[in-house]
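Residue-level structural notes
Okay, here's what each chain looks like letter by letter:
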Amino acid sequence: MNMKEWVQQVIKPAEIEKYLVNGKDFIDEKSIFGNLEKYRQPDKQQVRDILQKSLDIKLLSPEETAVLLNVEDPGLLEEMREAALQVKKKVYDNRIVFFAPLYCSNLCVNSCVYCGFRSDNCAEKRHVLTMEEVRRETEAVIDEGHKRLIAVYGEHPQSDADYIADSMATIYATKRVTPTGNGFNNIRRININAAPMSIENLRKLWRAGIGTYQVFQETYHPGRYAELHPANTIKGNFRWRLYAMHRAMDAGIDDVAIGALFGLYDWRFEVMGLVHHAHDLERQFGIGPHTISFPRMQPALGSFVSENSPYLVRDDAFRRLVTVLRLAVPYTGLIVTARERAELRREIINYGCTQTDASSKIGIGAYSEKKVQEENPDKVQFMLGDERSLDEVIRELAGDGYITSFCTAGYRCGRTGDKIMNLLEKGVEGKFCKLNAVLTFREYLNDYASAETRRIGEQLIEKELQEIEGMSFFTDKKLLPTFLNYYKRIASGERDLYM
Ligand code: SAM
Ligand code: SF4
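Rules behind the numbers
- Residues numbered from 1 in each chain as written.
- Chains lettered and ligands numbered in written order.
- Predicted model: local features only at pLDDT ≥ 70, side-chain atom pairs only at ≥ 80, totals over all residues.
- Heavy atoms only, no water.
- Domains from an automatic or database assignment.
- Contact = heavy atoms within 4.5 Å.
- Buried area = accessible area lost by both parts, 1.4 Å probe.
- Salt bridge = Lys/Arg side-chain N within 4 Å of Asp/Glu carboxyl O.
- Polar contact = N/O pair within 3.5 Å; in protein donor to acceptor, adjacent residues only side chain to side chain.
- Helix = DSSP H or I, 4+ residues; strand = E, 2+ residues; numbered from the N terminus.
- Nonpolar A, V, L, I, M, F, W, Y, C, P; charged D, E, K, R; others polar.
- Buried < 20%, exposed > 50% of the residue type's maximum accessible area, 1.4 Å probe, protein only.
- 1 Å grid on protein atoms, 1.4 Å probe; cavity = no way out; pocket = protein on both sides within 12 Å on 5 of 7 lines; lining within 4 Å.
- Points joined across faces, edges and corners; volume = space filled by probe spheres on them.
- Pairing = 2+ DSSP bridges.
- Right-handed = clockwise from strand over helix to strand, strands pointing away.
- Core = buried A, V, L, I, M, F, W, Y, C linked by side-chain atoms within 4.5 Å.

Here the domain parsing of the protein chain yields domain 1 (1–21 + 85–410) and domain 2 (412–490). Placing a centre on the C-alpha atoms of domain 1 and another on those of domain 2 gives a separation of 26 Å. On the side of domain 2, 31 residues touch domain 1, which itself brings 38 residues to the contact. Roughly 3,000 Å² is buried in total at the junction of domain 1 and domain 2, and carbon and sulfur atoms are behind 58% of that figure. Its largest share of buried area at the contact with domain 2, domain 1 owes to Arg395, Ile403 and Gly410, together 18% of the area lost on that side. There are 2 salt bridges connecting domain 1 and domain 2. For the pair domain 1 and domain 2, the number of links is 11 residue pairs in polar contact (both at pLDDT 80 or more). Every element with two or more residues in the side of domain 1 that touches domain 2 is listed here: α6 (74–92), α7 (131–144), α18 (390–399), β11 (403–405) and α19 (409–412). The leading source of residues in the side of domain 1 that touches domain 2 is α18, at 6 residues. Partitioning the side of domain 1 that touches domain 2 into residue classes produces 15 nonpolar, 13 polar and 10 charged.

And the structure:
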């Protein structure tokens, strides 16, 4: 099949139409603007009632979200931040999950004006990793201490669903012997960030053992979307992208991750779009998004829009949008990435983020060839704001009282989709997460931590162990002895024991 034929057969109109309700999309520009306008003057009591609903871990309606987006009063904003922190504590406690991005291919048939990988960027050096290169990259990521990664792909016949599934098999098969030689470390969960696909292709990823499937809508505003994504490209089809997660659900992938690229359009509109997206997934499948991302646009090689968009989001607005998202979709994980500067990321984690990345390399082949990112801006997608190592970020967060979790037990124990959402809403999954966070943090401290990180980490883990021993959750009398047995075995070198 030549390139033109390939491009023509990607989009399946029937796999868009089946998700429309009465022929309409779940994004209705007029109703979003209408709600933002209608609740312009929020009333204090109304805001406090909404905060109580968030604290009860209930998804907010678009109208309630619009009220929070309109709050300008500094005192009320502070109350919102405090409520966001409490919601996070209630659902996710003091855990923070780490992952690493792994860029497998920068070939792309699309031409998104903000992205360094766009096809008309002739300065970009193109490469699709061979399976041998995928293996080498994975080894380097494991050697940093990571257990989960997000593999990233441009949209191209050379990095189609079969290639993605092959690269997943290679990543899962890659192993490194632990420093004590008593077991091995590996990547235990692969999330995928790749273009929207047909149900048939998504089933291939499901069979290959995908963790979460992530697609960002970029902007939920159809008109602005059309300005940024040329109509004659696959990505030019707004609706094909809008229902990517609906198709994923139909393909059996029930951990789906949504996001918007902040800076392309008005940030309040994008937050409303994300909340409508969460509602439609709940309405049609009974499961909301597993995570929400809110990357801010970064400077990209040769991209005019990434530095000059009229919608760039300043730090203050960024803090507010994270707070509102935490309150609006209380049970969903929020991801803040190394695109953000170190100080801001640290602060944002407090407002409710649950996942982040570190020691990230966003060039093709950049983990095994460390110089790629520093010396070849023409091989990376955009510039990162925080290039610290995993060890440094873990140490900083441990000092702030956050325990790093590399837990990947959820999907391996069948705790995904609606099952995990129900457990999170009831606060049960959190208990398992706490146990698994301690087990995986023990692994990290033994295998990869620097002396200083280990010193701070040991104090934190001691505190966690005391809390666990006092937890009323252990009505099942076998759980605590099993956990303590696993902890001891991991401390003496065994790996990958989880609850
Ligand atoms: N090609 C696939 C797609 O577009 O869905 C997946 C890979 S693409 C590299 C992943 C994401 O990178 C995009 O969804 C977009 O939100 C983000 N991105 C693109 N350019 C960016 C920039 N200049 N700054 C920050 N994020 C950017
Ligand atoms: Fe290609 Fe994705 Fe970049 Fe658009 S954002 S140019 S689809 S890699």
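Right, let's get into α18. Of all 10 residues making up α18, 7 are buried, and the element is well covered by its neighbours. Here α18 has its buried residues at Leu390, Asp391, Val393, Ile394, Glu396, Leu397 and Ala398.

Within the secondary structure, Leu390 sits in helix α18. Looking at Leu390, the relative accessible area reads 0%, which means it is buried. Through-space distance from the C-alpha of Leu390 to that of Met80 is 30 Å; in sequence the pair is 310 residues apart. If near-sequence neighbours (up to four positions away) are discounted, Leu390 is found in contact with Phe98, Glu144, Gly145, His146, Ala358, Ser359, Phe406 and Tyr444.

Let us now look at the layout of surface pockets. Here the largest pocket defines a volume of roughly 340 Å³. Lining the largest pocket are 23 residues, and of these Trp6, Asp160, Ala161, Met197 and Asn201 lie nearest its centre. Sorting the residues of the lining of the largest pocket by element identifies α1 (3–10), α8 (161–173) and α9 (199–207) as the ones contributing at least two each. Class assignment for the residues of the lining of the largest pocket results in 11 nonpolar, 6 polar and 6 charged. Its volume calculated, the second largest pocket comes out at about 200 Å³. Lining the second largest pocket are Tyr19, Val21, Lys24, Asp25, Phe26, Asp28, Ser31, Tyr243, His276, His279, Asp280 and Arg283. Broken down by element, the residue count for the lining of the second largest pocket peaks at 4 residues, all from helix α13 (residues 267–285).

A few words on the pairing of strand β5 (residues 189–193). Working note: regular strand, side chains alternate between the two faces of the sheet. Along β5, 5 of the 5 residues are buried, which leaves the element largely enclosed by surrounding structure. Along β5, one buried face is formed by Arg189, Asn191 and Asn193 and the opposite face, lined by Ile190 and Ile192, is buried too. Note: β5 against strand β6 (residues 210–214), 3 bridges, orientation parallel. Bridge pairing links Asn193 to Gln214 in β6. The parallel pair β5 and β6 is bridged by α9, and the resulting crossover is right-handed.

Residues Ile192, Tyr213, Phe294 and Leu321 are the most contacted members of the largest nonpolar core, which totals 158 residues. Mapping this core onto the domain boundaries places at least three of its residues in each of domain 1 (1–21 + 85–410) and domain 2 (412–490). With residues near it in sequence (within four places) discarded, Leu321 still touches Phe262, Trp267, Val271, Phe294 and Val313.

The next subject is the pairing of strand β2 (residues 148–153). The buried fraction of β2 is high, at 6 of 6 residues. Burial along β2 is two-sided: Arg148, Ile150 and Val152 and Leu149, Ala151 and Tyr153, pointing in opposite directions, are all buried. Here strand β1 (residues 95–105) runs beside β2; their pairing, made up of 5 bridges, is parallel. Each bridged residue has a counterpart across the sheet, and for Leu102 the counterpart in β2 is Ala151. Considered for its hand, the β-α-β crossover made up of β1, α7 and β2 is right-handed. In this structure, β2 lies alongside β5, joined through 5 bridges in parallel fashion. Bridging from a neighbouring strand, Leu149 pairs with Ile190 of β5.

Attention now goes to the side chain of Glu64. Positionally, Glu64 belongs in helix α5 (residues 62–69). Owing to a relative accessible area of 19%, Glu64 belongs among the buried residues under this scheme. At 2.8 Å, the side chain of Glu64 forms a polar contact with the backbone nitrogen of Ser61. Setting aside anything within four residues of it in sequence, one finds Glu64 in contact with Ile50 and Lys53.

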